[in-house]
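Analysis of the macromolecular model
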Amino acid sequence: MQRKTAKFKALVAILGLAAAALASPARAETTLLNVSYDPTRELYTEYNAAFAKYWKEKSGEVVTVKQSHGGAAKQARAVIDGLQADVVTLALSYDIDELHAKGKLIPADWQKRLPNNSSPYTSTIVLLVRKGNPKNIKDWGDLAKPGTAVITPNPKTSGGARYNYLAAWGWALQQPGGNDKTAQDLLTKIYKNVPVLDSGARGSTTTFIERGIGDVLITWENEALLAVKELGPDKFDIVVPSLSVLAEPPVTVVDKVTNRRGTRKLAEAYLNYLYSDEGQDIAGKHFYRPTNEKVAKKYEKQFPKVKLFTVDETFGGWQKAQKTHFADGGLFDRIYGIR
Amino acid sequence: MSNSARIGPLVGVLALAGLASLSLPAHAASTQDELEALKQTVRELQKRLEALDQAVDQKVKIVERKQELVNEDVSKKLKDAPTVTASNKGFSIRSSDKDFEFKLRGLAHVDYRAYDGDANEQTTGNVPVATDGFLARRLRPTFEGTLFGKYGFRFTPEFAESGDGGAAASGDRRNNRVRVVDAYFDVNANDAYKFRIGKHKPFVGLERLQSGSDIKFIERSYVSNNILPNRDIGVSVHGDVLDKKLSYAVGYFNGVADGGDNFTSVDDNTDKDFAWRLFSTPFTGSGGILEGLGFGVAGTWANDSNTNALPRYRTPGQNQFFAYRSTTTANGSRSRISPQAYYYNGPLGVLAEYAQVKQDVSSSTAGVGSAELKNDAWQIAVTWLLTGEDASFKGVKPLQPFKFGEPSGWGAWEVGLRYQENNLDRDAARFADPTATNRPGFALGVRTWGVGLSWYHNENSKFLVNYESTCLDDVTAGTGASAVLRGDKERFLSFRYQVAY
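Residues numbered from 1 in each chain as written. Chains lettered and ligands numbered in written order. Predicted model: local features only at pLDDT ≥ 70, side-chain atom pairs only at ≥ 80, totals over all residues.

This part is about the overall build of chain A. Per the secondary structure count, chain A includes 16 helices and 11 strands. Burial analysis of chain A (339 residues in total) assigns 45% to the buried set. Excluding contacts between residues fewer than 6 apart, the proportion of contacts in chain A whose partners are at least 24 apart in sequence is 73%. (Helix = DSSP H or I, 4+ residues; strand = E, 2+ residues; numbered from the N terminus. Buried ≥ 20, exposed ≤ 12 C-beta atoms within 10 Å, placed from the backbone. Contact = placed C-beta atoms within 7 Å.)

Our focus in this paragraph is the confidence of the model for chain B. Do not read the fine detail of predicted coordinates wherever pLDDT is low. All names here are of chain B. For chain B, mean pLDDT is 85; residues scoring 70 or higher make up 83% of the total. Highest mean pLDDT in chain B belongs to strand β19 (residues 412-423) (97); lowest belongs to strand β4 (residues 122-124) (50). Note that pLDDT drops below 50 for residues 124-128; the model gives that stretch nine contacts with residues more than four away or on any other chain. pLDDT under 50 marks residues 163-174. Its contacts with residues more than four places away, or in other chains, come to 30 contacts. (pLDDT = per-residue confidence, 0-100.)

We now examine unusual backbone geometry. A positive phi angle, close to 70°, is found at F287 of chain A, a residue other than glycine. Within the secondary structure layout, F287 of chain A lies in the loop between α12 (277-285) and β10 (289-290). Not every positive phi belongs to a glycine, and F148 of chain B is a case in point at roughly 55°. One can find F148 of chain B in the loop between β6 (133-147) and β7 (151-158). F148 of chain B sits in the exposed class, given 9 other C-beta atoms within 10 Å.

Right, let's talk about the packing of helix α6 (residues 159-174) of chain A against helix α7 (residues 180-192) of chain A for a bit. All names here are of chain A. The interhelical angle for the contact between α6 and α7, taken along N-to-C directions, is 135°, at an axis separation of 8 Å. Judged on the interaxial angle alone, α7 and α6 are oblique. The handedness of the crossing between α6 and α7 is right-handed. Contacts from Y165, A168, W169, A172 and L173 of α6 reach α7 at T182, A183, L186, L187 and I190. (Axes fitted to C-alpha atoms, helices over the stretch in contact; angles between N-to-C directions. Parallel < 35°, antiparallel > 145°, perpendicular 65-115°, else oblique. Left-handed = near helix turned anticlockwise from the far one by under 90°.)

Turning our eyes to something else, we now look at the sheet that holds strand β1 (residues 31-36) of chain A. All names here are of chain A. Strand order in the open sheet formed by four strands is β2-β1-β3-β9, and the pairing between neighbours is mixed. The open sheet has two edge strands with one neighbour each: β2 (64-69) and β9 (251-253). Each neighbouring strand pair of the sheet contributes to a mean axis angle of 20°, computed without reference to strand direction. With three bridges connecting them, strand β3 (residues 87-89) and β9 associate as antiparallel partners. By the bridge assignment, V88 is partnered in β9 with T252. Helix-sheet contacts for helix α2 (residues 41-59) involve β1 and β2, and the interaxial angle to β2 is about 170°. (Pairing = 2+ DSSP bridges.)

Before going further, it helps to examine the pairing of strand β2 (residues 90-94) of chain B. The side chains of a regular strand alternate between both faces of the sheet. All names here are of chain B. For strand β1 (residues 83-87) and β2, the ladder comprises five bridges, and the chain directions are antiparallel. Following the sheet pairing, V84 is matched in β2 by I93. Bridge count between β2 and strand β3 (residues 101-115): four bridges; the pairing is antiparallel. Across the sheet, S92 pairs through a bridge with K103, a residue of β3. The turn joining β2 and β3, which pair antiparallel and follow one another in sequence, is formed by six residues; a positive phi near 65° is taken by K98.

What follows concerns the environment of L127 of chain A. All names here are of chain A. For L127, the location among the structural elements is in strand β4 (residues 121-130). Of the residues examined, L127 has 26 C-beta atoms within 10 Å and is grouped as buried. As a C-alpha pair, L127 and L143 span 16 residues in sequence and 9.7 Å in three-dimensional space. Residues in contact with L127, not counting those within four places in the same chain, are I137, V216, I218, V239 and P241.

Next up on the list: the nonpolar core. Ranked by internal contacts, the top residues of the largest apolar core, which has 89 residues, are V87, V88, A168, V216 and V254 of chain A. Sorting elements by how many residues they give to this core places α6 of chain A first, with nine residues. In this structure, this core is formed jointly by two domains, domain 1 (25-119 + 249-302) and domain 2 (123-247 + 306-337) of chain A, each of which donates at least three residues. Not counting residues up to four positions away in its chain, the partners in contact with V88 of chain A are V35, V79, I96, L99, V251, T252 and V254 of chain A. Counting residues in each nonpolar core, the second largest holds 20 residues, with F322, A330, L424 and A428 of chain B among its members. (Core = buried A, V, L, I, M, F, W, Y, C linked by C-beta atoms within 7 Å. Domains from an automatic or database assignment.)

Here the focus is the packing of α2 of chain A against α12 of chain A. All names here are of chain A. Running from amino to carboxyl end, α2 crosses α12 at an angle of 160°, the nearest separation of the two axes being 9 Å. Between α2 and α12, the angle falls in the class roughly antiparallel. The way α2 lies across α12 gives a crossing that is right-handed. Within the contact between the two elements, α2 uses L43, E46, Y47 and A50 and α12 uses E278, G279, I282 and A283. Taken together, the residues of the contact of α2 with α12 break down into five nonpolar, one polar and two charged. (Nonpolar A, V, L, I, M, F, W, Y, C, P; charged D, E, K, R; others polar.)

Moving on, we come to the pairing of β19 of chain B. Looking at chain direction, strand β18 (residues 370-385) of chain B and β19 of chain B are connected through 10 bridges and run antiparallel. Bridged to I380 of chain B within β19 of chain B is Y419 of chain B.

Residues and elements named next belong to chain A. Position of V216 among the secondary structure elements: in strand β6 (residues 216-220). Put simply, V216 and A149 are 67 residues apart on the chain and 6.6 Å apart in space, counted from C-alpha to C-alpha. Residues contacting V216, with those up to four places away along its chain left out, are L127, L128, V129, K135, I137, L143, T148, V150 and I151.

So, on to the confidence of the model for chain A. When pLDDT is averaged along chain A, the result is 91, and 91% of the positions lie at 70 or above. In the model, residues 24-28 of chain A has pLDDT below 50 throughout and makes 12 contacts with residues more than four positions away in sequence or in other chains.

This is the structure we're talking about:
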């Protein structure tokens, strides 16, 4: 009897070890994957280094943050399809909503978990033209003129492209006699002028700047400011339109992945650090508009004054805007299909 | 001549000159206009040409960019596509993220054994066990794979004849039945924590853990074949810790006889074996002379009640030199312990291990009784690569592969020397039966020295030849005793051709 008991205890011990082996994927790891949208490469390269330093000092743990960049919709799709993102930092909330709707990877109320609807920084959309503005482009209406080649990415894959589209649409609505029909006419004419649709904002920047294609690039304010800084003010001018859209790129922890990998605490710290003075300062340095008032004040001179509208007030939110404009068979398909 | 007559022609000339001067500006103005118009036209044409040039330039750039985007898309799709590989490592299909993989590998051993005269041939019943001839020793395809990056499986059937010295080998050799060598699943949480379930090698014997394609002699030593378990069905937790300088393993198995293989999925008793092993390579990464040193200790423990899990002990030539009588059973505890070590430095390789088994046995034959028997074995094998390759626990990669029928290198050549012993407890004699009809008699000790030569053509193909000479001690010849037991010595030559991928 005693022998049986000893054997049973040994068996239980073995089972305990086996169970621990099976459960061990939940053991904390020190790598994070940040899946982000296209133009944030430089921002997160610096931010990741700063966070690693901060985390080492705080916890003694060495952390490595990997980055993945691409069109926001494509990136969201990749995460839904299994890319093991610990955090996503995408261009707009709709793409992150999809992680809940199609992948059940995060809760429905994810946007309430961090300040400012989980957007640690904002931006807007401006126009980048060649030096001297040879096509005399001053506002959205000028993009519809025949012979003006417009560079913008594909709204089906790029969050920035959707902001570009909605900025022009919102401007058209505000013009005298403006309505959905005049806005659709404007967008139809603009997309007739688009020779290449890249899948992401950085691709369009390459098309316009490096390949020398087009007269005007519709792009993120941070991307335009970066281009002018990197390539010199003698090559490009930024045209600030009379009205543009407020872009609020949100961030979230991917619950299902971080719970499985045991990285949740680290991932949360990573995103919270974006709201710190240091994180906000790095955002400002990379031409994103900080949400922290103190840091925003420091960088206010680098941002042009522009009248902004939000997607919520003009389009009833991202869900509605997506369904109306960018879903399969939506207005964009009709506009681009009849070019 | 009057003045008027002199002035007349002059006036005429002047008049003509005046007329001419009157008509000249009109002509000049017209030419100028034409010139201006032409210039304007040229300018306009130039402008249009420039615009056209610009438009063509833009069109070309757009076409090029579109092509670039298509190429990027194609490259990405190719990058995301599964990879199909056929190489000297086998055949595989793998997902782009490497999380899923299926591999087909194989191992084939074709041997020829030649004994020193007919006197060394032996039969068990009517079945020849050790005779001159060819033998398909291993014919093993292996199917293995990875799932979700951390999970794996391996399935290896055996299509060759058995009779490889295992405890249950008797009578198997001519059956040609397909057996399962390995069939297990892995969970590889991380390097320090791995979990294996199914039929596999218990983490005990050092040479046993060396792949069949990497062993240096044609047959493993007495330690592997006569004392420690071969393969068993159970579970193991194992891993590498301390910067991969210490390996550990613990396992729980059905339990097999010494040197035995678990042939069936049904255990014949409720008693189980615990297996454990600690092995250290403390100088890994040091770059010093001791970098290739590894040593450790392993063991098993079980408490059996009246099972027939008792071994038959065999020589390298597969001659049986000891078997328990049928009335003897394993009854009580069985513990094995095996200190073990290897050392590799340049072309030199040394492998040494010892194993002792303490086995409680009892007999239902009147007057024989019970006993705890201590049987042990040890070996030391030294190899040297003549062609300058580095020796290792794993295979040899020739510096200059040999290719049949074309100019090439000599491949890799390796010589080896091995000494091994297997000694049985004096009391074991009580439990053997030398007197019954066709009983082969027995010996209580064997000592074998052997030399080997290996020719590695490339990573996948090699040829081996071994000569081994075995002396038997404390021989008791039975009525049907084999010649080897009558002659007290076994000498045999073996050849092997191996293909492994």
